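Chains, contacts and geometry: an overview
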Amino acid sequence: MQRKSCHEQAYRVLRIPSTKFTKMKTTEEEERRRLERLEQLEELVESNPDDPSLHFQLGICLWETETEKEKAAEHWVISAKQNPKNAAAFKYLGHYYATVSVDVQRAIKCYQRALSLHPNDSDAGEALCDLLDRQGKETLELAICKDASHNSPRAFWAFRRLGFLQVHQKKWSEAVQSLQHAIRGYPASPDLWEALGLAYHRLGMFTAAIKSYGRAIELEDTSVFALVECGNIFLMLGSFRKGIEQFQQALKISPQNMSALYGLASGLLGLSKECINSGSFRWGASLLEDACKVSEASIKSACNSSCTWKLQGDIQLAYAQGYPWMEESQSLEYKAETFEKSIYSWKNTCHLAAIYARNSYQRALHLAPWQANIYIDIAISSDLVTSFYKDYTHDKCTWQLSQKMTLGALVIESDNFEFWVALGCLSKCNALKQHALIRGLQLDVSIANAWAYLGKLYREENEKKLARQAFDYARGIDPSLALPWAGMSADTHTGESTPDDAFESCLHAVKILPLAEFQIGLAKLALLSGNLLSSQVFGAIQQAVQRAPHYHESHNLNGLVCEARFHFQAAIASYRLARYAINISVGTFLKSHLKDISTNLARSLSKAGNAKGAVQECEDLEKEGMLDAEGLQIYAFSLWKLGEHEAALSMTRTLAASIPTMDKTSAAVSVSFICRLLYYISGQDLAIVSILKMPKELFQSSKISFIVSAINALDQNNSLESIVSSSRYFLASHEEISGMHYLIALSKLIKHGTEHHLEFQSGVSHLRKALHMYPNSNLIRNLLGYLLLASEVWENTHVSSRCSIIDASDSGNKEGLKLAWEIFSAGAVACHAMGNSEPRFSFPTCGCQCPSGSGAMKELQKCLRREPWNSNGRYLLVLNLLQKAREERFPVNVCIMLERLIIVALSDEFYSRKEASCQYQKFQLYLCAAEILLQRGNIIGCINHTKDASALLLPDSYQFFGHLLLCRAYAAEGNFKNCKEEYERCLELKTDFHVGWICLKVMESQYELQTISNVVELAFTEGSKGRNNSWNMWMTVYSLVMGMICIWNQDFLSAEEFLEQPCSLASAESCIFLCHGIHPLMEIRFLYDF
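In this numbering scheme, every chain counts its residues from 1 along its sequence in written order. Note on the predicted model: pLDDT of at least 70 is required for a residue's local features to be given, and 80 or more for side-chain atom pairs to be given and counted; whole-chain, interface and lining totals, by contrast, use all residues. No hydrogens and no water enter the side-chain calculation; it runs on all heavy atoms of the structure.

So, on to the overall build of the protein chain. Each helix and strand in the protein chain was counted, giving 55 helices and zero strands. Residues classed as buried in the protein chain amount to 49% of the 1090 residues present. Here a residue-residue contact requires only that any non-hydrogen atoms of the pair lie within 4.5 Å. Partitioning the intrachain contacts of the protein chain with sequence separation of at least 6 by distance along the chain shows that 56% fall at a separation of at least 24. A total accessible area of about 54400 Å² is found for the protein chain, and carbon and sulfur atoms account for 53% of it. By the criteria applied, helices consist of DSSP H or I runs no shorter than four residues and strands consist of E runs no shorter than two, each listed in order from the N terminus. Burial classes: relative accessible area under 20% of the type maximum marks a residue as buried, over 50% as exposed, and values in between as partly exposed (1.4 Å probe, protein chains only). In this description, accessible areas are obtained by the Shrake-Rupley approach with a 1.4 Å probe, and a residue is regarded as covered only by the protein chains that are shown.

As structure tokens, then:
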């Protein structure tokens, strides 16, 4: 009990013992209190000399006094003797021997004793490890940490120290385990997280390393090491943007940090290459300019660092290879002088960048002459410097600087296969190329690059078999290499591969490596295979123009692509740039190239409506003696457009005279052109006479067969029947035969019809027979669906939707008059029932139950997602949605959707054109918007939209419906005066559509607008003349409407007469019988007043 009370008194005297090596500056008050505590402890020790804890506490109190440290040690010795398991006493003795008496060996033994008693004591452990570290006893330090960590899982100081030591010894796997354990005890230590991140980094566990570095940055945002290492990992993973952010943050903390500067420049270089490969050349160039500035700052800080000079060279080399040609303007007014200056400026910029790159590499080589790869860098940059201004008189076998530098690299590392491949690529002598590439393959037979360049060499030497074998080896080793795919695509002109296969191969090469040469080759193959409309070709040739503006091929092919997309002004500008480029090109060029460019320019001018400019181009070609068959056709066509018919016929005769010297394909094209032009200039009869005078041998072609058949289709006398029959023997493919059936069906529409009506049934019958023979022909299917829609047989509307096969891949290939999805969607609009997808809104009124309503809207939505610019798809979607809104009684959500769609549609430039089709669609959109506003009660808006529709220049038959809607709007507003005026205006305009007269009859009966008796009935009957197919159905509908009007007017006798007639005319329509059955019920209700 006495001992316990002494302990309590001692702890009260010394509340907070000091356990650290600190020299405390105390005030007088604190000094007085310390002395009081000291006296009390001394008294307690005197009274209890065998109490080890009192000796320990007294020693701590004495340790705070600078002159009493020896006495403190004496008391700790006594405490340790009395209580040998007191680890703290041995720890303080270790502090004494380490700092006061400087007896390192005794200090080490005391610390070891303390750790053996208490392994978790971080002060003793850290002090012991510091002593061993100063003595260089790393092995003993490591053993102590392992022993402590083994003895206690909570000896976190040991795990931390052990982890740091293992990181120092590059034992990364062991370090990860130790550091992970240490972090449990020190979770807020940024040093531990940094060390763990470094260990993960070296083990290749990049995701874990990024997380560890990120945690270190969170704990200490000024940790430059973590930021730099994290940035390096992001660069290694290709996440250049994230890496750049890390380096920029590090530079904010330490602006002159070499690692951060180097990493930022490297990140900008990598990101710029990504941008350049994706086509963002200007952005890539701006990033390279930023990278160059960062690299220059790095060089200023360490001008004797070889790696910084090499990085500067890499940046300048990338700038020289990726700097785009900046077009200031691209229009018809682009001058040759301006173009030449812009090309010179672009070349000069790239040339200077290549020179700067070579100088930087030379400086790097001066600092590190043993680095063989720098010799290769100098060789590549030197070759690029000479490529901008080629000397065509130079002997290919003369040694250039690039070759000499490559040999310098081989002197240092003669067994490096990459250097041999580089020599093979840079050498201008084919024998040396072959030797270097084969030597590289001897060192390593699996070098895909060597096989690829060897194949290229063999192709240049016209060794096609060896070239193909080399390319096959290269693709087998590395399928992601671009050159073999590009080389394989060059076989199309030899007939070894089809144009489509060659195009696919070259497209694959362009996707892998978008070089200007590959992109130009892709456009050439697209021209041969008919893929000029491909968006991939358009993007590739646009990039080629920026990467190789001095090549006339890039501008010429860009013009062909633009022309195929009907961008004639852009095509004209490109052709003119191609001519400027060929005029300023260095070296020789074929005269045929200039002829092709000028012919293309003349053709585009003619298509753009500039016939005068086209004639001028053709005259210039004629003066130079370069006017070929295609030029003569353009010349004659342009003269005809200008109204100079005699001159056009003269050119046609010149073209006809040259036909015997042409090949079979060109002759067929020329004869087809002559026949068409004769038809347009001389008329049908004289054209037929001229065709009959031509030699029969000229008609032995499928192309001519189509032209002659088209002319014969318009001739009621069938004067060309013999020529047509004989020429059809030359139709070879299924596509050509399907096209001829297409033409025959159209001819039957015309020949079997009347003056005002086409005979759709004849065309439909022929197409149905043709479809049995060629069921996979989309051309026949689409025309059959279109004719079924255009016919006046009501059931055909539902059949048309089953004719077309909708394929998303064919959305851009327009075969025939309409695409499949257009016919499908139009059929859904034409079907008044819409399939009744929502029976709660209305009962089925259509026996066929066409299911195309919802399906059509889905197809239209898909089309708009693929082609947001497709105005026709948006127009049909509006009409289908209007049908849906009408069926569902115009719900608010559908009406709002329709209003938005119509606003977007009307803002399209397509509807600013003056063509009748554009104006008709615009008219319909205005009426749809007006109908929506009318149903929602916005009468003023409805009237305004309808007036906008009526202001368009359209035939009276269409304008009728605009005034009919105005009549309805004024009636809804209560303005019966204007309503009657619009009614009379409808009677003046008249229409060919029966539904218009029926609607007008309903308005007339509801609002008592009739001015002349039976005027609507007479107009309706007159419009039915000549329409035998639909007469019964329309008379049924008219009689049904008249019967309903009589019921509304309570004239039940007349209603009975009107409703009996449709029952006999259309016995299959249940809706008619329903109305006829309702009539007596209505009459009974009226008589008995139910």
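Here we take up helix H49 (residues 956-973). The terminal C-alpha atoms of H49 lie 25 Å apart, and with 18 residues this matches the ideal 26 Å at 1.5 Å per residue to within 8%. Taken as a whole, H49 has its buried residues at Ser-957, Gln-959, Phe-960, Gly-962, His-963, Leu-964, Leu-965, Leu-966, Cys-967, Ala-969, Tyr-970 and Ala-971. Packed against the buried residues of H49 are helix H47 (916-935), helix H48 (939-950), helix H50 (976-989) and helix H51 (994-1007). Just past H49, the residue Gly-974 takes up positive phi, approximately 90°. One less than the residue count of a helix, multiplied by 1.5 Å, gives the span that helix is expected to have.

A few words on the confidence of the model for the protein chain. Known as pLDDT, the predictor's confidence for each residue is given on a scale from 0 to 100. Per-residue pLDDT for the protein chain has a mean of 83; in total, 86% of the residues score no lower than 70. Segment residues 1-26 is flagged for pLDDT under 50; beyond a separation of four residues in sequence, or across chains, it makes 32 contacts in the model. Scored below 50 in pLDDT, residues 833-837 shows 18 contacts in the model against residues more than four places distant or in partner chains.

Our focus in this paragraph is a nonpolar patch on the surface. Nonpolar side chains (Val, Leu, Ile, Met, Phe, Trp, Tyr) within 5 Å and like charges within 9 Å form the patches, drawn only from residues with over 30% relative accessible area and no salt bridge. Whenever Lys or Arg places a side-chain nitrogen within 4 Å of a carboxyl oxygen from Asp or Glu, that contact is recorded as a salt bridge. A contiguous nonpolar patch, built from Ile-512, Leu-513 and Leu-515 and spanning about 200 Å² of accessible area, is present on the exposed surface. For Leu-513, the position within the fold is in the loop between helix H26 (499-512) and helix H27 (516-529).

This next bit is on the packing of H49 against H51. Axis geometry follows a simple rule: fit a line to the C-alpha atoms, using only the stretch in contact for helices, then measure angles between N-to-C directions, giving values from 0 to 180 degrees. In contact at an axis separation of 11 Å, H49 and H51 are set at 25° when each is read in the N-to-C sense. By the criterion of interaxial angle, the relationship of H49 to H51 is roughly parallel. Taken as a pair, H49 and H51 cross one another with a handedness that is left-handed. Counted together, Phe-960, Phe-961, Leu-964, Cys-967, Arg-968 and Ala-971 of H49 and Val-995, Gly-996, Trp-997, Cys-999, Leu-1000, Met-1003 and Tyr-1007 of H51 form the full contact between these two elements. Reported orientations rely on four angle classes, namely roughly parallel under 35 degrees, roughly antiparallel over 145, roughly perpendicular from 65 to 115, and oblique for the rest. Take the far helix as the reference: if the near one is turned anticlockwise from it by less than a right angle, the crossing is left-handed, and if turned clockwise, right-handed.

Structurally, Lys-91 is set in helix H5 (residues 87-99). In this structure Lys-91 touches Tyr-111, Ala-114, Asp-121, Asp-123 and Ala-124, once residues within four positions along its chain are discounted.

Glancing now at the state of the cysteines. Throughout, disulfides are identified as pairs of cysteine sulfur atoms within 2.5 Å of each other. For the structure shown, the criterion picks out zero disulfides. The thiol sulfur of Cys-967 is not disulfide-bonded, and the nearest other cysteine sulfur, from Cys-979, lies at 3.4 Å.

With 17 residues, helix H30 (residues 568-584) should cover 24 Å at 1.5 Å per step; its first-to-last C-alpha distance of 25 Å lies within 8% of that length. Within the sequence span of H30, burial applies to Phe-568, Ala-571, Ile-572, Ala-573, Ser-574, Tyr-575, Leu-577, Ala-578, Tyr-580, Ala-581 and Ile-582. Elements in contact with the buried residues of H30: helix H18 (336-367), helix H29 (552-564) and helix H31 (591-607).

This brings us to the pattern of salt bridges. Inspection of every chain in the model, using the stated rule, returns 21 salt bridges. Asp-121 is the salt-bridge partner of Lys-91, the closest N and O atoms lying 3.7 Å from each other. Of the two residues, Lys-91 sits in helix H5 while Asp-121 sits in the loop between helix H6 (104-117) and helix H7 (122-134), which places them 30 residues apart along the sequence. Judged by relative accessible area, Lys-91 falls into the buried class, the value being 8%. Between Arg-475 and Asp-472 there is a salt bridge whose closest N-O contact spans 3.2 Å.

Right, let's talk about the packing of aromatic side chains for a bit. Paired rings are identified among Phe, Tyr and Trp, the last through its six-membered ring, by centres lying within 6.5 Å, and are further divided according to the angle between planes into stacked (under 30 degrees), edge-to-face (over 60) and tilted (the rest). Summed over the entire model, instances satisfying the criterion amount to 20 aromatic pairs. Of the aromatic side chains, those joined through ring pairs into one cluster are Tyr-920, Tyr-958, Phe-960, Phe-961, Phe-993 and Trp-997. Note that Arg-160 overlies the ring of Tyr-186, its terminal NZ or CZ placed 4.3 Å from the centroid. Each ring is checked for a lysine NZ or an arginine CZ that lies within 6 Å of its centre and within 35 degrees of its normal; such an atom marks a charge sitting over the ring. Its end group placed over the ring of Trp-485, Arg-475 keeps NZ or CZ at 4.7 Å from the ring centre.

A separate point is the environment of Arg-161. With respect to the helices, strands and loops of the structure, Arg-161 is situated in helix H9 (residues 156-168). For Arg-161, the residues in contact, after removing those within four places along its chain, are Glu-126, Cys-129, Asp-130, Asp-133, Glu-141 and Cys-145. A polar atom in the side chain of Arg-161 sits 2.7 Å from the side chain of Glu-126. Here a polar contact is taken to be a pair of N or O atoms separated by no more than 3.5 Å, where protein atoms must pair a possible hydrogen donor with a possible acceptor and residues adjacent in sequence count only if both atoms sit in side chains.

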